[in-house]
Amino acid sequence: MSLPLWLVLLGNLAMGASLWLIAAGGMAAKLILLGVWIAVLCCYGYRRRFGSSFLAGALILAAMIGVIATGSGANLEKLRLIGNLLMLPVGLLVGLTIGRGSLRLMIPVLVFYLLLSSSFQMTHEGLRFNQPFLFLGLFALCSVARWRGHGGLAAASGVAILLSQTRIAVLAMLVNLIGMIRFSRAMTWLVGGIALAGLGWIAALYLPRLFLTHGSGRLAFWHDFWGQWQGGSTGQRWLGFGAGAVEEILSGYQSFASFGALHNDHFRILFETGLLGAGLWLAGWSVMLWTVRHARLAICILLSVMLTMVTDNTLNYGHYLICCGMAAGIAAREGTEDG
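Presented here is a report on the structure given in the accompanying data block. Not measured: the values here are computed from a predicted model.

## Some points on the packing of helix α1 (residues 5-20) against helix α2 (residues 27-44)
And then number 1: Running from N to C, α1 and α2 point in directions that differ by 155°, and their axes come no closer than 8 Å. On the basis of the axis angle, α1 is roughly antiparallel to α2. When you trace α1 past α2, the crossing you get is left-handed. On α2, the residues touching L7, A14, M15, A17 and S18 of α1 are A29, I32, L33, V36, W37, V40 and Y44.
And then number 2: Taken together, the residues of the contact of α1 with α2 break down into 11 nonpolar, one polar and no charged.

Laid out in structure tokens, this is it:
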């Protein structure tokens, strides 16, 4: 779908504002991000027929919002969690409804922002390139783009992800890449095998953190929170400890400043929304995967997001989620049209 020039310009301005507001804490950035894309969907969504999977997904999302809204926790934390949960489904709907036209509102300003804000940062583990998840979102968008030079942009994003030495981001990129490769071609196996071996050799020499096994502290925190969840009341196990409970509990730890969060969104949903919320969470993922089941690339993109949520706080990365949702929706839309 081709979008009018005025919408493309306004969209890029709004996306640019949302990106630059990330440093201010993220809440305002996410409000702009969601507001713009929901407005676009309201303008163009009526043109597309949505099937039973859309209705099922909407009901599950509404039930999840109800569980969060009626549960424990401060209202601001409830709004923050609800907004985070909306990012991926909204992005998926944008991709399914508008298609590649939506890329014109996201890719140019994202590239511009990354060029200005990306740099190497010194950590206790050496120099690492920042913004790995924004680059991962750009990689996902490039995987469905058909612009001249999109392959080079995807390759540059991939190099940036490798230089970040963020293992879960690299693994997610590889899962995304699996959806892009045509395994039926013999040349794919030959060239791909050589390229993979070469990248592995370079990474082992110059990016040692990717292969480094060390204790990050995650397992200790997960074990502690699992014990707290098991020791909770029946109501807490079924309905959770409330939105924002994880950060509130972690703030009492001496290592909170360095650790910051639970680094496992799947467990976080269980802890804050209970068994009921976790069941709705799994049902929502099942519906999204079922919706894009005819497109291998779309499935791989969604699975890559699920993977990052195992060891990171992906729900907080609104722009990354929107990008991956859009990319999965576009891939699914193209698969339907091709079929």
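## Here we look at the pattern of salt bridges
And then number 1: One pass over the structure, following the stated rule, counts three salt bridges.
And then number 2: A salt bridge links R80 to E77; its shortest N-O distance comes to 3.0 Å. Taken together, the residues R80 and E77, both in helix α4 (residues 75-98) and three residues apart, mark about one turn of the helix.
And then number 3: On the accessibility criterion, E77 (26% relative accessible area) is partly exposed.
And then number 4: Two residues, R100 and E334, come together in a salt bridge whose shortest N-O distance is 2.3 Å. Note that R100 is positioned in the loop between α4 and α5 (107-117) and E334 in helix α16 (residues 318-338), a separation of 234 residues in sequence.
And then number 5: The class of E334 is buried, set by a relative accessible area of 15%.

## Thoughts on the packing of aromatic side chains
And then number 1: Across all of its chains, the model carries 11 aromatic pairs by this definition.
And then number 2: Where F241 meets F271, the ring centres are 4.4 Å apart and the plane angle is 5°; that geometry is what we call stacked. Taken as a pair, F241 in the loop between α11 (234-239) and α12 (245-250) and F271 in helix α14 (residues 265-291) lie far apart in primary sequence, 30 residues in all.
And then number 3: Residue F271 is classed as buried on the basis of its relative accessible area of 0%.
And then number 4: Taken together through their ring pairs, the aromatic side chains of W20, F112 and Y113 make up a single cluster.

Rules used in this analysis
Residues numbered from 1 in each chain as written. Predicted model: local features only at pLDDT ≥ 70, side-chain atom pairs only at ≥ 80, totals over all residues. Heavy atoms only, no water. Axes fitted to C-alpha atoms, helices over the stretch in contact; angles between N-to-C directions. Helix = DSSP H or I, 4+ residues; strand = E, 2+ residues; numbered from the N terminus. Parallel < 35°, antiparallel > 145°, perpendicular 65-115°, else oblique. Left-handed = near helix turned anticlockwise from the far one by under 90°. Contact = heavy atoms within 4.5 Å. Nonpolar A, V, L, I, M, F, W, Y, C, P; charged D, E, K, R; others polar. Salt bridge = Lys/Arg side-chain N within 4 Å of Asp/Glu carboxyl O. Buried < 20%, exposed > 50% of the residue type's maximum accessible area, 1.4 Å probe, protein only. Phe/Tyr/Trp six-rings, centres within 6.5 Å; stacked < 30°, edge-to-face > 60°.

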